[in-house]
Amino acid sequence: FALLSALGARTSRIEIGTGVIDMRYENPLYLAEDAAAADLISEGRLQLGISRGSPETALKGYESFGHVPRDGETDADMAREHAELFLHAIDGAGVTMSDPKMTGQSVPLPVMPQSPGLRDRIWWGSGTRATGEWTAKQGLNLMSSTLLTEDTGVPFDELQLEQIQRFRAAWTEAGWEREPRVSVSRSVLPILDAQDRAYFGERSGEDQLGHLDGGIARFGKSYVGEPDVLAAELAADVAVREADTVLLTVPNQLGVAYNARLLGALAEHVLPA
């Protein structure tokens, strides 16, 4: 959040934010304070992603941070409870009572600072159609990645489209007044020269299936090729067409200069088309 606050202080127009923060590891009240401060500094430009977290190599790593699920609960249950408390806190709800010995009264105290409107800019990272519906019921924006931890045999973009459609239907049913936002992630790598081709030319252009989190997961394909080809392929992606926001994953291990060039090529040659 120090980095987000710094970005907010040095910029004036761009949205700033995260992919998803693993709520299994978070103190919800600290998170509420930090998020509100970053949002105030950026004057309401924070777009914050949270989720239950993804499968990881650490065995119950969250317990090392002092977060242990209660008896009969899973780590996913704990993550959602943390998220619920976080949302209550940024809504301004009291999270503790004042001490009458110090204040002369006992009243609910919220965390500080508070940033009006932040609640509408919280996203939940969803990996299934069912959690897409759960996201809508919570009044959160939907963030869908380049994988879904389920498979029905249809191409990834069609499965993701169904997730988005079920999210929107559940949103309408819940009766929320505002229009929700939906983002999807894509790996889009334009080939401009021999170096790009050496890095990415052999990547698969097909969906992949794998075992993840105890079941079959479908991974979306990487978009690799000449800019005009990429533009046509993205235009045909039904989930990209349905979403209002596209998050682009980049090969950050190749450094700032390379990624600036890559993003420039996307902005100039691919995305306008």
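Residues numbered from 1 in each chain as written. Predicted model: local features only at pLDDT ≥ 70, side-chain atom pairs only at ≥ 80, totals over all residues. Heavy atoms only, no water.

Draft legend 1. Inspection of the layout of surface pockets at higher detail. Empty space within the largest pocket amounts to approximately 1400 Å³. Among the secondary structure elements, those contributing two or more residues to the lining of the largest pocket are β1 (16–17), β2 (21–22), β3 (46–51), β6 (122–126), β7 (141–144), β9 (182–190) and β13 (245–249). (1 Å grid on protein atoms, 1.4 Å probe; cavity = no way out; pocket = protein on both sides within 12 Å on 5 of 7 lines; lining within 4 Å. Points joined across faces, edges and corners; volume = space filled by probe spheres on them. Helix = DSSP H or I, 4+ residues; strand = E, 2+ residues; numbered from the N terminus.)

Draft legend 2. Quick look at the packing of aromatic side chains. Overall, the coordinates contain eight aromatic pairs when judged by the stated rule. Pairing F167 with W171 gives two aromatic rings, centres 5.8 Å apart and planes at 45°, and the pair type is tilted. Linking F167 with W171, this pair stays in helix α6 (residues 156–174), spanning four residues, or about one helical turn. The pair formed by F167 and W171 is uniform in burial state, with each residue classed as buried. Taken together, the aromatic side chains of Y25, Y62 and F65 make up a single cluster linked through ring pairs. Sitting over the ring of W134, R80 keeps its end group 5.1 Å from the ring centre. (Phe/Tyr/Trp six-rings, centres within 6.5 Å; stacked < 30°, edge-to-face > 60°. Buried < 20%, exposed > 50% of the residue type's maximum accessible area, 1.4 Å probe, protein only. Lys NZ or Arg CZ within 6 Å of the ring centre and 35° of its normal.)

Draft legend 3. Focus on the pattern of salt bridges. Inspection of every chain in the model, using the stated rule, returns 22 salt bridges. A salt bridge links D196 to R261, with the shortest nitrogen-to-oxygen separation between them at 3.0 Å. Residue D196 is located in helix α7 (residues 194–200), and its partner R261 is located in helix α10 (residues 256–270); the two are separated by 65 residues in the primary sequence. For D196, a relative accessible area of 0% translates into the label buried. The network of salt bridges with shared partners includes D22, R24, R52, E56 and D75. (Salt bridge = Lys/Arg side-chain N within 4 Å of Asp/Glu carboxyl O.)

Draft legend 4. Quick peek at empty space enclosed by the protein. Under the definition given, this model contains one cavity of 30 Å³ or more. Around the largest cavity sit P190, L192, D196, Y258, R261, L262 and A265, which together line it. In terms of residue count, α10 provides more of the lining of the largest cavity than any other element does, four residues in total. Residue composition of the lining of the largest cavity, by class: five nonpolar, no polar and two charged. (Nonpolar A, V, L, I, M, F, W, Y, C, P; charged D, E, K, R; others polar.)

Draft legend 5. Region of interest: unusual backbone geometry. A cis amide bond links M112 to the next residue, P113, at an omega of 5°. For P113, the location among the structural elements is in the loop between β5 (108–109) and β6. Phi angles above zero are rare outside glycine, and E43 is one such case at about 60°. With respect to the helices and strands, the residue E43 is situated in the loop between α2 (28–41) and β3. Given a relative accessible area of 73%, E43 falls into the exposed group. A positive phi angle, close to 50°, is found at K60, a residue other than glycine. Tracing the backbone shows K60 in the loop between β3 and α3 (75–90).

Without other data, these values stay purely geometric and don't point to any function.
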